[in-house]
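# Structural overview for review
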Amino acid sequence: MPRSKKFRRARLIVIVLVVLLVAGTGYGGYRGVSAVRASFPEVDGSVKVAGLSAPVDVKRDANGIPQLYADTSEDLFRAQGYVQAQDRFWEMDVRRHITAGRLSEMFGDGQVDTDAFIRTMGWRQVAQKEFDTKLSPETKKYLQAYSDGVNAWLAEHPGGAKASLEYGLLGAVNSGYQPEQWSPVDSVAWLKAMAWNLSGNLQEEIDRSLLAQDFGPDKIAELYPDYPYARNGTIVKTGTVAGDNYRPADGSPQSGAAPGTATAQGAATTKAMLQGLTDRIDSMPQLLGRPGQGIGSNSWVVAGSHTTTGKPLLANDPHLGPGLPSVWYQMGLHCRTNSPACQFDVSGFTFAGMPGVVIGHNKDIAWGFTNLGADVTDLFLEKVTGPDTYQVDGKDVKFELRKETIKVAGGEDRTITVRTTQTGAPLISDQSSEQQNVGKYAPNGQSAPDRGTGGYGVALQWTALSPGKTMDAVFELDKARNWDEFRAAAKDFTVPAQNLVYADAKNIGYQAPGAIPVRGKGEGTVPSPGWDSAYQWKADPVPFTALPWSLNPSAGYIVTANQAVVDPSYKYNLTKDWEYGTRAKEITDQIEGLLKNNGKISPDDMQTLQLDNTSVMAKTLVPLLLKQPISDPYVREAQDLLKDWNFHQDADSAAAAYYNGVWRQLLILAFGQKFPADLRAKDNCLLVRQQDDPTKPDSSTKIVTECGTREPGKAQPDGGDRWTEVVRQQLEKPDSSWWTYIDDQHKEQKGLDNLLQEAMKNARQELTSLLSKDVSTWSWGRLHKLELREQTLGTDDSSIASGVVHKLLNRGPYRLSGGSAAVDAAGWNAAAGYRVDWIPSMRMVVDLNDLDSSRWVNVGGASGHAFHDNYNDQTDLWLKGKLLPWAYSPDAVEKATKHKLVLTTG
């Protein structure tokens, strides 16, 4: 039952009082500060940890980053579990409730729909199968040791404010909650969350289908243009696949061929069905970030022959949604003596709640990740013929059925039935009333079965729903000593599919790993007909031996920034929805320029390149804007800002502010005005002509206001890399129908020049309202702001969050340089405004000549405790583009140590 307004108001009052008390901002400040500090970790002295075979040293630097030293691998991971729980247990607890579909047990009925969606996908069940059937005995031992360490900490902090401030808040609305023991499967399940975050083109499938209600295949193809292979290139020079063995083709010419144009023809989709799915995706917890395309990452590696150090340099900055605590956790895991009983000496970034190191280096190799962007998800439309049957090839087959009971704090349990096809694809439309209504809208093509009154169901086929061995791969990477062992580890890295860059003292390399499906019919760009078995995936994915790789290419460097890995001559379809390579081309051009001018690249050059905020699109668009004859001095004053602009999107740049304002208005006029409500932001309302009776073509029409239905941060056109390519291609067609728009007098206008002038006028007006009339006071950073929001408490009244809570726990806003398609990728959604919604979540530069000269920085800090000194101490450095020294050797770590805790045998 929904909570009454009176109850919600009373609960909010309780929450606010608790926050004021524990934060020490109101009455009882001293007691409040003491309560907050009571949850801070012990970092000096010694504590007993049950199960250790020998003492473990925990050395923390001034930023609270721990380096662990042990005699056995199991002691090392037991200590890792204990230390991560010290810093981040609340975050870990929320994360495992997300992946298990159990948020309602913590936060109440407002999370039931989210839980139902995740339960339907079955993340926890898949993680359990991985642990039971796929992972090596050694990996299971490490996972169990990690869990034992977490539980040793939990035994000392069984819940309440002494565990963290957030448990004190939770107690105000759910006083009976007590954290359960940590289990190995809790750690494995987080890989499903990251796979969802990096799941490829699921949203593109939906959006193409929603666009089909208003546009034909040719117009949709213009919105998803072919990848510019000739201009932006590929990660590797495409080799050949013979007998499912990939052979690199270093030095071979790149192909300029483009893939076949994807269309929406033949997709029996519906507005209600797909909008319902989008709503469900939008409701996923903040902690998972924004899934799919549009979010990228950068990594590159330069051979020692091209560096000032004489050894390779490797840089990485994955782009993810911002928040506090940071998604990453920095630490080092060191065996005092390398032996069969203890083989780890690794340092880098990992996730709180998961043992090992995900990205970083050991004493022999370094590696980094960017999202491969492989198409590993497909939607299938299913002809449901009964409660437990659906149709394939004209015959009824049975769903696999299972019951799921969702426990709700302060409410009644809810039981759902999950139906799964024989291919392992859950029917995700069962958890949305909008999707159940498909029978009213779905077009019925000649080859489609009669939909009856129930309509088509929607099933999700996704590689992450099959058990894999990625957890094995993490430990194998951490121990790898050379290229061959690195590739052997990559073979087990099934989901999420990533680009892996590699360096050792003599070599640089690249490997594309991951479980990537081999389709029957179809390309995966639009939902497939589940009633035709010809569209089903093949039993086995693309063989690992056939996946692209490169070792010591003649160029002397490798760049991955989510661009195409290979050209269309490659044997397998990895995806039709690559990112468009703008960042990759800019990084490549910068590296080539450095090599040409300086001859060598230094660690400082690597760090500086991560901060390149150039707008590549502005180089094309600004000359056209400056040519426009603007008679209004009010607009011309803003236009003049673009004269002599260097295209750098610095936070203090007035020109960058105006250019991005014009870019936003151009996209709204050319595309946003024409898009169906399903793709537009909720606050984007247009006057449209509507028929009184859509079933009668001759019925009368009227003008109505139609507002968008999508969450603003996920609306289109978002202005990302794809849109730079869309606009670039349309600029070659001054009379394109996309340049027809409705002006502010509600009159139709045509032509590129007219639209550019309208965009410049609208941008002048918008920035005046947001900033001031005086353009000399404008700056990009005043528009382009980042707020680091505490993610685990939720954002609405169905959680324990409130505006007061977030004001205390959030940090910012910060004024940022950069932009969506820049190397310094501070992404924003042009359909919604200028707020930053994804960022370089960390930065690192690894120096293989001297690992102690490596550098790193995180957003936020090591601690998950909101008022701890290390909660947000790295953000200011990150904002300024600075990196921290990354101590690795025992001597360097000892010199950097500010706190030492000894974990002793219990």
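Keep in mind the model is a prediction, meaning the values are calculated, not measured.

Secondary structure summary: the protein contains 26 helices and 34 strands in total. Taken over 906 residues, the protein has a buried fraction of 62%. Here the contacts in the protein between residues at least 6 apart in sequence split such that 73% fall between residues at least 24 apart. Surface summary for the protein: the accessible area is close to 33200 Å², and the carbon and sulfur share equals 49%.

This paragraph deals with helix α20 (residues 654-670). The end-to-end C-alpha separation of α20 is 24 Å, in line with the 24 Å expected for 17 residues at 1.5 Å each. For α20, the tally of buried residues reaches 16 of 17 residues, placing the bulk of the element in the interior. In this structure Ser653 caps α20, since a side-chain oxygen of it lies 3.4 Å from the backbone nitrogen of Ala655.

Next up on the list: the packing of aromatic side chains. Applying the stated criterion across every chain, the model contains 43 aromatic pairs. Summarising the aromatic geometry, the rings of Phe77 and Tyr142 are spaced 4.9 Å apart at their centres and angled 45 degrees between planes, so their arrangement reads as tilted. Highlighted residues: Phe77 in helix α3 (residues 73-99) and Tyr142 in helix α7 (residues 137-156), separated in sequence by 65 residues. Judged by its relative accessible area of 4%, Tyr142 is buried. Between the aromatic rings of Tyr456 and Trp531, the centroid separation amounts to 4.9 Å while the plane-to-plane angle is 35 degrees, which identifies the pairing as tilted. Pair noted here: Tyr456 is in strand β17 (residues 456-462) and Trp531 is in the loop between β20 (528-529) and β21 (549-551), with a separation of 75 residues, a long-range link. Take Trp531: its relative accessible area is 10%, and that puts it in the buried class. What links up through ring pairs into an aromatic cluster is the set Phe89, Trp90, Phe107, Trp153, Tyr167, Tyr177 and Trp182. For the cation-ring pair, Arg487 lies above Trp549, with the distance from its terminal atom to the ring centre recorded as 4.7 Å.

Turning next to the nonpolar core. Judged by nonpolar contacts, the single largest core of 235 residues is most densely connected at Met121, Trp462, Tyr570, Tyr658, Tyr659, Phe671 and Leu903. Broken down by element, the residue count for this core peaks at 12 residues, all from α20. Not counting residues within four places of it along the chain, the set of residues in contact with Trp462 comprises Met121, Trp123, Lys192, Ala195, Trp196, Ser199, Val376, Thr377 and Trp537. Core analysis: the second largest hydrophobic core is formed by 10 residues, Phe380, Tyr390, Phe399 and Tyr535 among them.

Turning next to the state of the cysteines. By the definition in use, this model includes two disulfides. Each sulfur of the disulfide joining Cys335 and Cys342 lies 2.0 Å from the other. Because the torsion about its S-S bond is -85 degrees, the bridge between Cys335 and Cys342 counts as left-handed. Its relative accessible area of 9% is what places Cys335 among the buried residues. Between the sulfur atoms of Cys685 and its disulfide mate Cys707 the distance is 1.8 Å. Its S-S torsion of about 100 degrees marks the bond between Cys685 and Cys707 as right-handed, since a negative value means left-handed. Taken together, the residues span a long stretch of sequence, with Cys685 in strand β23 (residues 685-691) and Cys707 in strand β24 (residues 701-707) at a distance of 22 residues. Here the cysteine-cysteine linkages of the protein are recorded as 1-2, 3-4, numbering only bonded cysteines and doing so in sequence order.

Attention shifts here to the sheet that holds strand β10 (residues 359-362). Two strands in a sheet stick together by hydrogen bonds in their backbones, pointing the same way (parallel) or opposite ways (antiparallel). Strand order in the open sheet made by the 11 strands is β1-β34-β2-β3-β8-β9-β10-β11-β18-β19-β21, with mixed pairing throughout. Each having just a single partner strand, β1 (45-49) and β21 make up the two edges of the open sheet. Averaged over all neighbouring strand pairs, the angle between strand axes comes to 15 degrees, with direction disregarded. In this structure, β1 lies alongside strand β34 (residues 899-905), joined through five bridges in parallel fashion. Of the residues in β34, the one forming a bridge with Ser46 is Val902. Packed onto the sheet, helix α15 (residues 483-491) meets β11 (365-371), β18 (498-504), β19 (508-511) and β21 and runs at close to 160 degrees relative to β18.

A large share of strand β6 (residues 297-302) lies buried, amounting to six of its six residues. The alternating pattern of β6 places Ser297, Ser299 and Val301 on one face and Asn298, Trp300 and Val302 on the opposite face, and all of these are buried. Pairing between β6 and strand β22 (residues 557-560): four bridges, direction antiparallel. The partner of Val302 across the bridge, within β22, is Tyr557.

Let us now look at the environment of Ser863. Structurally, the position occupied by Ser863 is in the loop between β32 (855-858) and α25 (875-879). Spatially, the C-alpha atom of Ser863 lies 9.6 Å from that of Leu324, the residues being 539 residues apart in sequence. Setting aside residues no more than four positions away along its own chain, Ser863 makes contact with Asp87, Arg88, His868, Asn870 and Tyr871.

For the structure on display, the rule yields 46 salt bridges. Asp186 is the salt-bridge partner of Arg124, the closest N and O atoms lying 2.4 Å from each other. Of the two residues, Arg124 is situated in helix α6 (residues 123-134) and Asp186 in helix α9 (residues 184-197); the sequence distance between them amounts to 62 residues. What makes Arg124 partly exposed here is its relative accessible area of 24%. With its nearest N and O atoms 3.4 Å apart, the salt bridge here joins Lys643 to Asp640.

Mapping Thr389 onto the fold places it in strand β13 (residues 389-392). There is a polar contact of 2.8 Å between the side chain of Thr389 and the side chain of Thr385. Within the local environment of Thr389, its side chain forms a polar contact with the backbone nitrogen of Gly386, the two atoms lying 3.3 Å apart. Residues within four places of Thr389 in sequence aside, it is in contact with Val384, Asp396, Val397, Lys398 and Phe399.

Time to look at the pairing of β34. As paired strands, strand β2 (residues 56-60) and β34 are joined by five bridges and run antiparallel to one another. The residue bridging Arg60 from the neighbouring strand is His899, located in β34.

Further remarks concern the confidence of the model for the protein. On average, residues of the protein score 88 in pLDDT, and 86% of them reach the 70 mark or higher. Note on residues 1-7: pLDDT under 50 across the span, and seven contacts to partners over four residues away in sequence or across chains. Ignoring residues within four places in sequence, the model shows residues 251-269, a span with pLDDT below 50, making 48 contacts including any to other chains.

Turning to helix α21 (residues 721-730), a few remarks are in order. Because an α-helix completes one turn every 3.6 residues, residues spaced three or four positions apart along the sequence face the same direction. With nine of 10 residues buried, α21 lies mostly within the body of the structure. Listed in full, the buried residues belonging to α21 are Asp721, Arg722, Trp723, Thr724, Glu725, Val726, Val727, Arg728 and Gln730. Buried-residue contacts for α21 involve α11 (217-223), α12 (229-232), α16 (582-597), α18 (616-626) and α20.

Rules used in this analysis
- Residues numbered from 1 in each chain as written.
- Predicted model: local features only at pLDDT ≥ 70, side-chain atom pairs only at ≥ 80, totals over all residues.
- Heavy atoms only, no water.
- Helix = DSSP H or I, 4+ residues; strand = E, 2+ residues; numbered from the N terminus.
- Buried < 20%, exposed > 50% of the residue type's maximum accessible area, 1.4 Å probe, protein only.
- Contact = heavy atoms within 4.5 Å.
- Areas by Shrake-Rupley, 256 points an atom, 1.4 Å probe, with all protein chains shown as cover.
- Expected span 1.5 Å × (residues − 1).
- Polar contact = N/O pair within 3.5 Å; in protein donor to acceptor, adjacent residues only side chain to side chain.
- Phe/Tyr/Trp six-rings, centres within 6.5 Å; stacked < 30°, edge-to-face > 60°.
- Lys NZ or Arg CZ within 6 Å of the ring centre and 35° of its normal.
- Core = buried A, V, L, I, M, F, W, Y, C linked by side-chain atoms within 4.5 Å.
- Disulfide = S-S within 2.5 Å.
- Pairing = 2+ DSSP bridges.
- Axes fitted to C-alpha atoms, helices over the stretch in contact; angles between N-to-C directions.
- Salt bridge = Lys/Arg side-chain N within 4 Å of Asp/Glu carboxyl O.
- pLDDT = per-residue confidence, 0-100.

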